[in-house]
Amino acid sequence: GAVVSQHPSWVICKSGTSVKIECRSLDFQATTMFWYRQFPKQSLMLMATSNEGSKATYEQGVEKDKFLINHASLTLSTLTVTSAHPEDSSFYICSANQPTGLVFENIQYFGAGTRLSVL
Amino acid sequence: AQSVTQLGSHVSVSEGALVLLRCNYSSSVPPYLFWYVQYPNQGLQLLLKYTTGATLVKGINGFEAEFKKSETSFHLTKPSAHMSDAAEYFCAVSEPNFNKFYFGSGTKLNVKP
């Protein structure tokens, strides 16, 4: 199947610094990517939809100035956690839609996730 | 609006026993339904999906699920559990032609020797 690469897999940072997480589709072009946040022992919460060449669409309650998303190319989306604080510590997962050529098909492939720890 | 309910946050079975993980959904339109598996500190891997057609869907690793519209369910089963099946399983729903996925809270499967 398709491969989505996420980097880094683990990052520790000091409070107040910014952290950038990359999500790449390795063998397909993804016009749409998604960013999720997963708290311990909980499910994935959709944060935002990243659209190539346009602004991201954020879910209700997600601070767009806090979580900056840039989808600069068909294979790369980045999530920047600005001025990170301990409460931002979480597991962040990206996914990308692989076009199948079929109308109404919808397959998402997930990255391995990034564990962010803010001290 | 879409929502997914997974009954049982933890399920424990013996190796070789039947695995049954429950998923119920609510959707205002015919949904697309998915099961994903997550191993520790990893992303999600697609097990199987239902979009249209046959309601009994077969996936990887011997898993299958049946879409029952009347019961709004999409339970995941495997006839005989293997130790390697121990992981967390997530049921998800999306609207056709709509990219957003909504996930259930997950069920952690433990397989006893």
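Residues numbered from 1 in each chain as written. Chains lettered and ligands numbered in written order. Predicted model: local features only at pLDDT ≥ 70, side-chain atom pairs only at ≥ 80, totals over all residues. Heavy atoms only, no water.

*Asks:* Even after reading the chapter, I still don't get the overall build of chain A, so can you show me in this structure?
*Replies:* Tallying secondary structure elements over chain A gives zero helices and eleven strands in all. Taken against the 2.2 N^0.38 rule, which gives 14 Å for 119 residues, the C-alpha radius of gyration of chain A at 14 Å falls within 12% of a compact globule. Taking the principal axes of its C-alpha atoms as reference, chain A extends roughly 45 × 25 × 25 Å. Across the 119 residues of chain A, 51% fall into the buried class. Pairs at least 24 residues apart make up 55% of the contacts formed inside chain A by residues separated by at least 6 positions. Accessible area of chain A: about 5900 Å², with a carbon and sulfur share of 53%. The centroid of the 9 positive side-chain charges in chain A is displaced by 8 Å from the centroid of its 9 negative side-chain charges. (Helix = DSSP H or I, 4+ residues; strand = E, 2+ residues; numbered from the N terminus. Rg over C-alpha atoms; globule rule 2.2 N^0.38 Å. Buried < 20%, exposed > 50% of the residue type's maximum accessible area, 1.4 Å probe, protein only. Contact = heavy atoms within 4.5 Å. Areas by Shrake-Rupley, 256 points an atom, 1.4 Å probe, with all protein chains shown as cover. Lys, Arg positive; Asp, Glu negative; His and termini not counted. Charge placed at Lys NZ, Arg CZ, Asp CG, Glu CD.)

*Asks:* What exactly am I supposed to notice about a nonpolar patch on the surface here?
*Replies:* Residues and elements named next belong to chain A. Together, W10, I12 and L119 make up a nonpolar patch on the protein surface, roughly 390 Å² of accessible area in all. Its place among the elements puts L119 in the segment after β11 (114-118). On the accessibility criterion, L119 (65% relative accessible area) is exposed. (Patch = residues over 30% accessible without salt bridge, like charges linked within 9 Å, V, L, I, M, F, W, Y side chains within 5 Å. Salt bridge = Lys/Arg side-chain N within 4 Å of Asp/Glu carboxyl O.)

*Asks:* Mind showing me how you'd approach the state of the cysteines here?
*Replies:* Here the structure, examined in full by the defined rule, presents two disulfides over all chains. Between C23 of chain A and C94 of chain A runs a disulfide, and the two sulfur atoms are separated by 2.0 Å. Negative torsions about the S-S bond denote left-handed disulfides, and the value of about 80° found for C23 of chain A with C94 of chain A makes this one right-handed. In this pair, C23 of chain A sits in strand β3 (residues 19-25) while C94 of chain A sits in strand β9 (residues 90-97), placing the two residues 71 residues apart along the sequence. Here the two residues C23 of chain A and C94 of chain A agree in accessibility, since each one is buried. The residue that forms a disulfide with C23 of chain B is C91 of chain B, at a sulfur-sulfur distance of 1.9 Å. Handedness of the C23 of chain B-C91 of chain B disulfide follows from its S-S torsion of about -65°: it is left-handed. With C23 of chain B in the loop between β3 (19-21) and β4 (24-26) and C91 of chain B in strand β10 (residues 87-94), the pair connects residues that are 68 residues apart, well separated along the chain. Its relative accessible area of 0% is what places C91 of chain B among the buried residues. Here C13 of chain A is not cross-linked by a disulfide; its sulfur's nearest cysteine counterpart is in C94 of chain A, at 18 Å. (Disulfide = S-S within 2.5 Å.)

*Asks:* Got a minute to help me understand the sheet that holds strand β1 (residues 4-7) of chain A in this structure?
*Replies:* Hydrogen bonds along the backbone pair up the strands of a sheet, which may run parallel or antiparallel. Residues and elements named next belong to chain A. What the four strands build is an open sheet, ordered β1-β3-β8-β7; its pairing is antiparallel. The two strands at the open ends of the sheet, each matched to only one other strand, are β1 and β7 (67-73). The sheet shows a mean angle of 15° between the axes of neighbouring strands, taken without regard to direction. Alignment of β3 against strand β8 (residues 76-81), held across six bridges, turns out to be antiparallel. Counterpart to V19 in the pairing with β8 is V81. (Pairing = 2+ DSSP bridges. Axes fitted to C-alpha atoms, helices over the stretch in contact; angles between N-to-C directions.)

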